[in-house]
Amino acid sequence: MTFSIYEGQEPSQVIFQFKVNPPAVTFELSGETDDIIKIDSSGLLYYDRALDRETRAIHNLQIAALDAQGAIVEGPVPITIEVKDINDNRPMFSQAKYEGSVRQNSRPGKPFMYVNATDLDDPATPNGQLFYQIVIQLPKIDDVMYFQINNKTGEISLTRQGALELDPAKNPSYSLVVSVKDMGGESENSFSDTASVDITVKENIWKAPDSVEVTENSTNPHPVKVTQVQWNEPGAHYSLVDKETLPRFPFSIDQEGDIYVTQPLDREEKDSYVFYAVAKDEYGKPLSYPLQIHVKVKDINDNPPSCPSAVTVFEVQENEALGSSIGIFTAYDLDEKNTINSILKYKIVEQTPKIPMDGLFLVEEYEGKVQLARQSLKKQDAPQYNLTVEVSDKDFKTLCAVEINVIDINDQIPIFEKSDYGNLTVPEDTAVGSNILTIQATDADEPFTGSSKILYRIIQGDKEERLGIDTDLHTNAGYVIIKKPLDFETAAISKIVVHAENPEPLVSGVTYNASSFATFTLFVTDVNEVPLFSQHVFQAEVAEDVAVGTKVGNVTARDPEGLDIRYSLRGDTRGWLKIDPITGEIFNVAPLDREKESVYHVQVVATEAGTFARLSTKHTDFEEKVYKIPICINDGGRPPLEGTVDLPVTFCTCVEERCFRPAGRQDGMPTVGMAVGILLTIFIVIGIILAVVFIRFKNNKGNDNVENAQASEVKPLRS
C-alpha cells in the first residue's frame, strides 16, 4: 500500500485504520519510521510529528498482525509513505559574488560566464524550478541592457546592443545584480536570492583593418603584404571569401593573418575590391563574424586624354553676338576623376579657313566652352570652320577635331502657293493611308535646314484627327493623307485650315501671318456599307435528340446606315436548320445526327432590307432657291415598270454650323385625317371577313365524315 502525505503538516494525523482479525489482537510497525510514524494496538496508523521531505522523501514500512502471545498471524504487509514536497526552502547562489570578463564585439548570445544556485525542494515540482534574471546593470547607458542571462541555466552573454556598443575605452567594467527565484519565477510566494557579478570588458582585436590603398601597375615583386587581421587567441584558421565572385581574385591570406596582393592591379579595370576575412576553430566552425576588407586601387597617370568623337560638330547661326556660346567641347580621361591625373586643359591650336580672319573662336581653358571671339559670322564668308583643339593633362597631350557649321537664321516664313485649295470630294470608304491632296508652301531660308524645312499642321476642321499631312523632305510639298476612316454620318463637310511652320523658331521680330495658312473644304460622300455581325464566329452546343423546331442559337448584325437586316443560311447541306430572317434565331427543322456530323458548319448571310437612294451634289455653285429634281424609279422586273417623281430640294445658307435642313411635307404624304379614315376602313373589312368565316363554320359543324386522324404538325418558323 502507498500513501502520499505533504510534508510540514500538523502532527497526530491519521494515515490509515487497519482492522484486526482474530486470533490477531494487536499490530507491529517496523521499517523507516524515524520515530515519527506509529501504529496503536487497534490498528490506527498515524504520525506524531511533521514529516520533512528533505530529510526523507519516502518511508518504507512493514505492518504485521500479532496474537496475544506476540506471534505474527498475518503479514508483514509492505507500506510506502511518499512525502510530497512543499515550497519550504529558498534557492541559494553558490557564491555571493562572481567575476568574469568579455571582449568587446563578442557574438551576442554566446555565454562568457555562468552563475549557479541550488534549491533543496523537489526539482521535479515548481518548488525546485529556478528562474534567473538580471535585476541591476551599472552603468546602464540610455536605459539599454548590454547583458542578458539565460533564465534557466544562468548563462550570461551580451545582447545585440552590447555586442555593438561595449567599449573598454568608455567603460572598462560593469556590475550586475542577478536574482534567482523558485516556483519558476511565476508565483508571488516564491523565494529568491541575489548575487553580484563584476564584469571586465577587454579590447577585441578581431576587427576590420582600415581601408587599404594599393598603387596600380606596381612593378614590385609579388605577393606584397597589404594588411593583416588577428583573432583574440592563437590557433585560429584564416581564409578569405570573395564578395563579388570575380573571374580572378588577386588576394591571399596566410595562417598568421597576413593578407597579400598576389599580382599588379589596374584601376581602370577595377578601382576597388571588397572581400571578407574569416577565422575558424579546428573544427571549421566560425569563431566570430567575418571582417570586411576594403582595398582601393590608387591611380597613376597612365592614360592620355581622349576625344569625344572623331569629329565634334557644332552649329552657329549667322549674326550671333560676340561672345555667344557655340557649344561645350568635353574630352575625357580614364584616370581617376577629380584628381590631378584627370584634370584637362583645352586650347585651340589651328583654325581653317582663316576667313575673314584668324582667331575667330576661343575655348575656355578648363570648361571647354567654345565661343565667338572677334565678330559675328556670315555664311557667305565661310559656311564651315574646322578647329584643332589640344587637350592635355599633366603628362599627355591629344589633338581633337572640331567642325563648326554656320547656319542661316530663320527670318523667312513659309508661304503657301495659294490660300484656298477649293473643294475636295472623297468617298467615306477611302482607304486609310490614301493621299487625297497635295499642298505646297515655300521658304526662302537656306534649303535643307531647320529654318527652311516646312511642317504642316491642321489647326481647324478636324477634331477627330482623321487627316494627317506628311512633308516631302526634298520639295517641302505636303501630302494630305487619311489617318482614320472617314464617316459621312458624323462629318459630311469639313472646312480644313492648315498652318505651315518651321521646326526652328523664328528670329525675334518675325511672326507668321496669313500667307502661312491655307484652307480647303472636304466633302465626304456616303457609301452603302455592308452589315456587320457582332462577332465573326457563333457557336452552339445541342444534343442530337432535341425536338424538331427547337431553337439552337441566334446571330445578330447591324447596318451602319441603320437599315433593317434580313438573315439567310448558306451551306446547310443536310437541310437540318432554318433561320428566322427577321430575328436571326436558328431552329432545327429535321432530326440531328451526331454520328453523321459532330460539328456542323453553316454560314449566315446578313443583307439590307429594302432599297434606298441618296442624293448628293456635284458642286456648290447653287442659288438660294428650291430646285425640283426629277427622279426615275425602276422595279427591275420583267418587263420593268418605272415611275418618275419630282423631289424638291431647297438650297440655303449654312447656319449654326449646320448645312442641312429637314424636308417639309411632300405632295402625296397623308394628313392626320386621311390616316384615321384609312384605319377605319381596314377595321370594317376585317369585321366582314370574320362574320363570313363564323357563319360557314356553324353550317359545317354537324359534318361527322371529316377525317380527324391527321398527323401532328410542328409549329412553323416565322419566315
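The structure presented is a predicted model; accordingly, all values stated were derived computationally and were not measured.

**Some remarks on the overall build of the protein**
- The number of helices and strands found in the protein is 2 helices and 47 strands.
- Every one of the 719 residues in the protein was classed for burial, and the buried ones make up 32%.

**Notes on the layout of surface pockets**
- Estimates place the volume of the second largest pocket at around 1,000 Å³.
- In terms of lining, the second largest pocket is formed by 29 residues, of which the most central are F538, Q539, A540, Y600 and H601.
- The element that contributes the greatest number of residues to the lining of the second largest pocket is strand 40 (residues 551-554), accounting for 3 residues.
- Its residues placed into classes, the lining of the second largest pocket shows 16 nonpolar, 8 polar and 5 charged.

**Re the pattern of salt bridges**
- Here the structure, examined in full by the defined rule, presents 23 salt bridges.
- Residues K207 and E203 are paired through a salt bridge, measuring 3.2 Å at the closest nitrogen-oxygen approach.
- On the basis of relative accessible area, K207 is assigned to the partly exposed category, the value being 43%.
- Across the salt bridge formed by R248 and E269, the nearest N and O atoms sit 3.4 Å from each other. Taken as a pair, R248 in the loop between strand 19 (237-242) and strand 20 (251-253) and E269 in the loop between strand 21 (258-261) and strand 22 (272-280) lie far apart in primary sequence, 21 residues in all.

**What about a nonpolar patch on the surface?**
- A cluster of nonpolar side chains, contributed by V135, I136 and L138, occupies part of the molecular surface with about 260 Å² of accessible area.
- The residue L138 is located in strand 12 (residues 131-138) in this model.
- Accessibility expressed as a relative area gives 54% for L138, which makes it exposed.

**Quick word on the environment of N151**
- If you trace the backbone, N151 turns up in the loop between strand 13 (147-149) and strand 14 (155-158).
- Of the residues examined, N151 reaches a relative accessible area of 33% and is grouped as partly exposed.
- A C-alpha to C-alpha distance of 9.1 Å links N151 and G184, two positions 33 residues apart in sequence.
- Beyond its immediate sequence surroundings of up to four residues, N151 is in contact with L130, F131 and Y132.
- At 2.7 Å, the side chain of N151 forms a polar contact with the backbone oxygen of Y132.

**Details of the packing of aromatic side chains**
- Evaluated as defined, the whole model comprises 19 aromatic pairs.
- An aromatic cluster is present here, built from F3, F16, F18 and F27 joined pairwise through their rings.
- Its end group placed over the ring of Y273, K270 keeps NZ or CZ at 5.5 Å from the ring centre.

**Let's talk about the nonpolar core**
- Within the largest apolar cluster, 24 residues are counted, with the highest numbers of intra-cluster contacts made by F93, V115, Y132, F147, L166, V178 and V197.
- When sequence neighbours within four positions are dropped, the list of residues in contact with V115 reads F93, Y98, Y132, I149, T153, G154, I156, V178 and V197.

**Observations regarding the sheet that holds strand 31 (residues 415-416)**
- The sheet built from 4 strands is open, its strands ordered 31-33-36-35 with antiparallel pairing. Edge positions in the sheet fall to strand 31 and strand 35 (467-471), since each of these pairs with one other strand and no more.
- Relative to strand 36 (residues 477-482), strand 33 (residues 435-442) runs antiparallel, the two sharing 5 bridges. Residue pairing for strand 36: I439 is matched across the bridge by G478.

**Quick word on unusual backbone geometry**
- Following P22, the chain continues to P23 via a peptide bond in cis, the omega torsion being 10 degrees.
- Note on placement: P23 falls in the loop between strand 2 (13-17) and strand 3 (26-31).
- In this chain, H222 is followed by P223 through a cis amide linkage whose omega measures 5 degrees.
- Examined against the element boundaries, P223 turns out to sit in the loop between strand 17 (212-215) and strand 18 (224-228).
- A positive phi angle, near 60 degrees, is found at S12, a position not held by glycine.
- Within the fold, S12 resides in the loop between strand 1 (2-6) and strand 2.

**A look at the side chain of S452**
- Along the chain, the position of S452 falls in the loop between strand 33 and strand 34 (455-460).
- Residue classification places S452 among the buried positions, given a relative accessible area of 4%.
- Once residues within four sequence positions are removed from consideration, S452 is found in contact with D443, D445, E446, P447, N476 and N502.

**With respect to the state of the cysteines**
- Enumeration over the complete set of coordinates arrives at 1 disulfide.
- Bridging C307 to C400, the disulfide has an S-S length of 1.9 Å. On the sign convention where negative means left-handed, the S-S torsion of about -95 degrees between C307 and C400 marks this disulfide as left-handed. Separated by 93 residues along the polypeptide, C307 in the loop between strand 23 (291-298) and strand 24 (311-317) and C400 in strand 30 (residues 397-407) bring together distant segments of the chain.
- On the basis of relative accessible area, C307 is assigned to the partly exposed category, the value being 21%.

**Regarding the sheet that holds strand 12**
- The 4 strands lie next to each other as 9-16-15-12, forming an open sheet whose pairing is mixed. The open sheet has two edge strands, strand 9 (97-103) and strand 12, and neither has a second partner. Shown here is a sheet whose adjacent strand axes are inclined to one another by a mean of 30 degrees, direction ignored.
- The pairing of strand 9 with strand 16 (residues 192-202) spans 7 bridges and is parallel. Counted as the bridge partner of K97 is S196 from strand 16.

**Description of the environment of G100**
- Residue placement: G100 occurs in strand 9.
- If we skip the residues at most four places from it in the chain, G100 touches M113, D198, I199 and T200.

**Description of the confidence of the model for the protein**
- Per-residue confidence for the protein gives a mean pLDDT of 86, with 89% of residues at or over 70.
- Taking the mean pLDDT of every element in the protein, the minimum, 55, falls on helix 2 (residues 672-699) and the maximum, 97, on strand 13.
- Within the model, pLDDT remains below 50 along residues 697-719, and this stretch shows 11 contacts once partners closer than five positions in the same chain are excluded.

**Remarks on the side chain of E428**
- Topologically, E428 is positioned in the loop between strand 32 (420-427) and strand 33.
- Among the polar contacts made by the side chain of E428, one reaches the main-chain amide nitrogen of F488 at a distance of 2.9 Å.
- Of the polar contacts made by the side chain of E428, one reaches the backbone nitrogen of V527; its length is 2.9 Å.
- The residues contacting E428, other than those within four sequence positions of it, are L486, D487, F488, E489, V524, T525, D526, V527, E529 and E561.

**Digging into the environment of I86**
- Looking at the secondary structure, you find I86 in the loop between strand 7 (72-84) and strand 8 (92-93).
- Sequence separation between I86 and N127 is 41 residues, and the spatial gap between their C-alpha atoms is 6.9 Å.
- Discounting chain neighbours no more than four positions away, the residues touching I86 are Y6, E7, D121 and N127.

Parameters and conventions
Residues numbered from 1 in each chain as written. Predicted model: local features only at pLDDT ≥ 70, side-chain atom pairs only at ≥ 80, totals over all residues. Heavy atoms only, no water. Helix = DSSP H or I, 4+ residues; strand = E, 2+ residues; numbered from the N terminus. Buried < 20%, exposed > 50% of the residue type's maximum accessible area, 1.4 Å probe, protein only. 1 Å grid on protein atoms, 1.4 Å probe; cavity = no way out; pocket = protein on both sides within 12 Å on 5 of 7 lines; lining within 4 Å. Points joined across faces, edges and corners; volume = space filled by probe spheres on them. Nonpolar A, V, L, I, M, F, W, Y, C, P; charged D, E, K, R; others polar. Salt bridge = Lys/Arg side-chain N within 4 Å of Asp/Glu carboxyl O. Patch = residues over 30% accessible without salt bridge, like charges linked within 9 Å, V, L, I, M, F, W, Y side chains within 5 Å. Areas by Shrake-Rupley, 256 points an atom, 1.4 Å probe, with all protein chains shown as cover. Contact = heavy atoms within 4.5 Å. Polar contact = N/O pair within 3.5 Å; in protein donor to acceptor, adjacent residues only side chain to side chain. Phe/Tyr/Trp six-rings, centres within 6.5 Å; stacked < 30°, edge-to-face > 60°. Lys NZ or Arg CZ within 6 Å of the ring centre and 35° of its normal. Core = buried A, V, L, I, M, F, W, Y, C linked by side-chain atoms within 4.5 Å. Pairing = 2+ DSSP bridges. Disulfide = S-S within 2.5 Å. Axes fitted to C-alpha atoms, helices over the stretch in contact; angles between N-to-C directions. pLDDT = per-residue confidence, 0-100.

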